[in-house]
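# A closer look at the structure
The primary structure of each chain is shown beneath.
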Amino acid sequence: MVLLLALVLPVALSGTAAADGGKSARTWTVQVGSESSDQAIQGMSFLPKNIYINAGDKVTWEANAAEIHTVTFLAEGQTIESTQPFDPFSPLYISAQGGTSYDGHSYYNSGVMSNVSNSGFAEVSSYTLKFPDTGDFTYYCLVHGAAQKGTVHVRAKGTDYPYTQEQYNNRVERAERAIIRDGYQLWSDARDQADNHTVIAGADDGVAMVMRFIEPKVVIHVGEKVSFVNNGMGEPHTITFGTEPANPFPPLGDPTNYTGGQLNSGILPPGVTFTVTFNKAGVYDYICALHDYFGMAGKVVVKD
Ligand SMILES: [Cu+2]
């Protein structure tokens, strides 16, 4: 009897969906971030960026990348600028806020989303909201600010859907491939700018991000300098030698005379360079404290 029910039920459900022209409430999927298989290239993206649903439908956002992101609907009157920069210690940023049904004007937040579990945050892998009311609702990623947003367009119940989930998925796959292609181009451009005294500390074009040091190993002599250049448009990094501080945001140590131990650039925003003078022979490993958990690390070899 139980077996029979299990067999009959799915048929009955799909029959219902067909009978109402496919207009019963449904759940749509949006991908949060994107990445290459080695995680080196990350996308600052919600895909699809625009989704058209009907009142009563739900949207599920799925973590699709190692880099952290949030899905955040701001409160009425709040600007994305007022939320920046991302505060890694505030529950308003890193924890779920609001209920499961979107009211159109309050603050709703997914918490930190990532498809890995070692980012240092309590990550969530998916976030679902129901949209009972019509309207165009824009949301942001609190990590990447104005650069990363998407919109849920909610239309009246019974409206014909302009796209199926499958059509969105096909576009999403194309967009993901384009981001990875752009990322590898940025990576190759960065190699042309790097030498033993110039490390490109990540690069991004505001969508595609290279989450690597270029080149990851440089060789210099005692008394020489290495400049770490953040060449990006949107993504901050850090240059962190020695034991990682509990809070990697403030600078620590003296970059004009480095002989080993702790040294931290603090948050290195796009367009900023951090220069270190190495005054003792040795091999010095460093990380980006924000992105080391998916491979952003490097090494300076200092010879006599
Ligand atoms: Cu980084």
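Residues numbered from 1 in each chain as written. Predicted model: local features only at pLDDT ≥ 70, side-chain atom pairs only at ≥ 80, totals over all residues. Heavy atoms only, no water.

### Considerations on the overall build of the protein chain
The criterion, for reference: By the criteria applied, helices consist of DSSP H or I runs no shorter than four residues and strands consist of E runs no shorter than two, each listed in order from the N terminus. Each residue gets one of three labels from its accessible area relative to the maximum for its type: buried under 20%, exposed over 50%, partly exposed in between, using a 1.4 Å probe on protein chains only. Calculation of accessible area relied on Shrake-Rupley with a 1.4 Å probe; when residues are assessed, cover is drawn exclusively from the protein chains displayed.
Within the protein chain, the secondary structure is distributed over 3 helices and 18 strands. With the principal axes as the frame, the protein chain shows a C-alpha extent of 80 × 40 × 35 Å. In the protein chain, which comprises 304 residues, the proportion classed as buried is 44%. Summed over its atoms, the accessible surface of the protein chain is roughly 14,100 Å², and 54% of this surface lies on carbon and sulfur atoms.

### So, the coordination of the copper ion
Let me state the cut-off plainly: The rule for donors is simple: N, O or S, within 2.8 Å of the metal, or within 3.2 Å if the metal is Na, K or Ca. Water isn't counted, so a site may look like it is missing partners.
Within the first shell, the copper ion binds the protein through His237 (ND1), Cys288 (SG) and His291 (ND1), at distances of 1.7 to 2.3 Å. Donor residues binding the copper ion come from one chain and are separated in sequence as H-x50-C-x2-H. A residue pair is termed long-range when its members are at least 10 positions apart, and His237 in the loop between β13 (225-229) and β14 (240-241) and His291 in the loop between β17 (282-287) and β18 (297-303) qualify at 54 residues. Take His237 and His291: they sit in the same class, and that class is buried.

### Quick look at the UniProt feature "domain: Blue (type 1) copper" (unreviewed entry) in the protein chain
Stated formally: UniProt positions are given in the numbering used here, feature names are shortened, and annotations may be inferred rather than shown by experiment.
Sites flagged by UniProt as "domain: Blue (type 1) copper" (unreviewed entry) map to residues 40-154 and 210-303. Between the C-alpha atoms that bound residues 40-154 there is a distance of 35 Å. The span itself is 3% helix and 38% strand. For residues 210-303, the helix share is 0%, the strand share is 39%, and the end-to-end C-alpha distance is 29 Å.

### As for the sheet that holds β18
Backbone hydrogen bonds are what pair the strands of a sheet, in a parallel or an antiparallel way. Heads up, the rule is: Should DSSP find at least two bridges between two strands, the strands are taken to pair.
Taken in spatial order, the 5 strands make up an open sheet running β12-β18-β17-β14-β15, and their pairing is mixed. Here the strands that pair on one side only, and so sit at the sheet edges, are β12 (217-221) and β15 (263-264). In this structure, β17 lies alongside β18, joined through 6 bridges in antiparallel fashion. Residue pairing across strands places Tyr286 opposite Gly298, the latter belonging to β18.

### Digging into the nonpolar core
How we decide: Joining through side-chain atoms within 4.5 Å is the link that ties buried Ala, Val, Leu, Ile, Met, Phe, Trp, Tyr and Cys residues into a set, and such a set is a nonpolar core. Delimitation of the domains relies on an automatic or database domain assignment. Here, two residues are considered to be in contact whenever any of their heavy atoms come within 4.5 Å of each other.
Trp61, Val71, Phe73, Phe131 and Val152 are the most contacted members of the largest nonpolar core, which has 41 residues in total. Every element with two or more residues in this core is listed here: β1 (27-35), β2 (41-47), β3 (50-54), β4 (58-63), β7 (126-130), β8 (135-141), β9 (145-155) and β11 (208-214). By residue number, the principal contributor to this core is β8, which donates 4 residues. Residue-level mapping places this core at the junction of two domains, with at least three residues from each of domain 1 (22-181) and domain 2 (194-303). Excluding residues that lie within four positions of it along the chain, Val152 makes contacts with Ile51, Ile53, Val59, Trp61, Phe73, Phe131, Gly135, Asp136, Phe137 and Tyr139.

### Some words on the packing of aromatic side chains
Note the cut-off: Two aromatic rings, drawn from Phe, Tyr or Trp (for Trp, its six-membered ring), form a pair once their centres lie within 6.5 Å of each other, and the interplanar angle then sorts them: stacked below 30 degrees, edge-to-face above 60, tilted otherwise.
Tallied over the entire structure, the rule returns 28 aromatic pairs. Ring geometry for Trp61 versus Phe73: centroids 5.9 Å apart, planes at 70°, classification edge-to-face. Here Trp61, found in strand β4, pairs with Phe73, found in strand β5 (residues 72-73); they are 12 residues apart in sequence, far enough to count as distant. Exposure class is identical for Trp61 and Phe73. Each is buried.

### Some remarks on the environment of Ile239
Its location among the elements puts Ile239 in the loop between β13 and β14. With 58 residues separating them along the chain, Ile239 and Ala297 place their C-alpha atoms 8.9 Å apart. For Ile239, the residues in contact, after removing those within four places along its chain, are Ala201, Phe213, Phe228, Leu263, Asn264, Ser265, Leu268, Phe274, Tyr286 and Ile287.

### Quick look at the environment of Ala194
Tracing the backbone shows Ala194 in the loop between α3 (165-193) and β10 (198-204). Note: C-alpha distance between Ala194 and Ile214 (20 residues apart in sequence) is 6.4 Å. Contact partners of Ala194, with chain neighbours within four places excluded, come to Ile200, Ile214 and Glu215.

### So, a positive patch on the surface
What counts is decided by this rule: The residues that make up patches have over 30% relative accessible area and no salt bridge, and they are joined within 9 Å when like-charged or within 5 Å when they are Val, Leu, Ile, Met, Phe, Trp or Tyr. Between Lys or Arg on one side and Asp or Glu on the other, a salt bridge is scored when a side-chain nitrogen of the former is within 4 Å of a carboxyl oxygen of the latter. Under the counting rule used here, the positive set is Lys and Arg, the negative set is Asp and Glu, and His together with the chain ends is not counted. Charge coordinates come from a single atom per side chain, which is NZ of Lys, CZ of Arg, CG of Asp or CD of Glu.
Taken together, the side chains of Arg171, Arg174, Arg177 and Arg181 present a region of like positive charge at the surface. Tracing the sequence through the fold places Arg174 in helix α3. Owing to a relative accessible area of 51%, Arg174 belongs among the exposed residues under this scheme.

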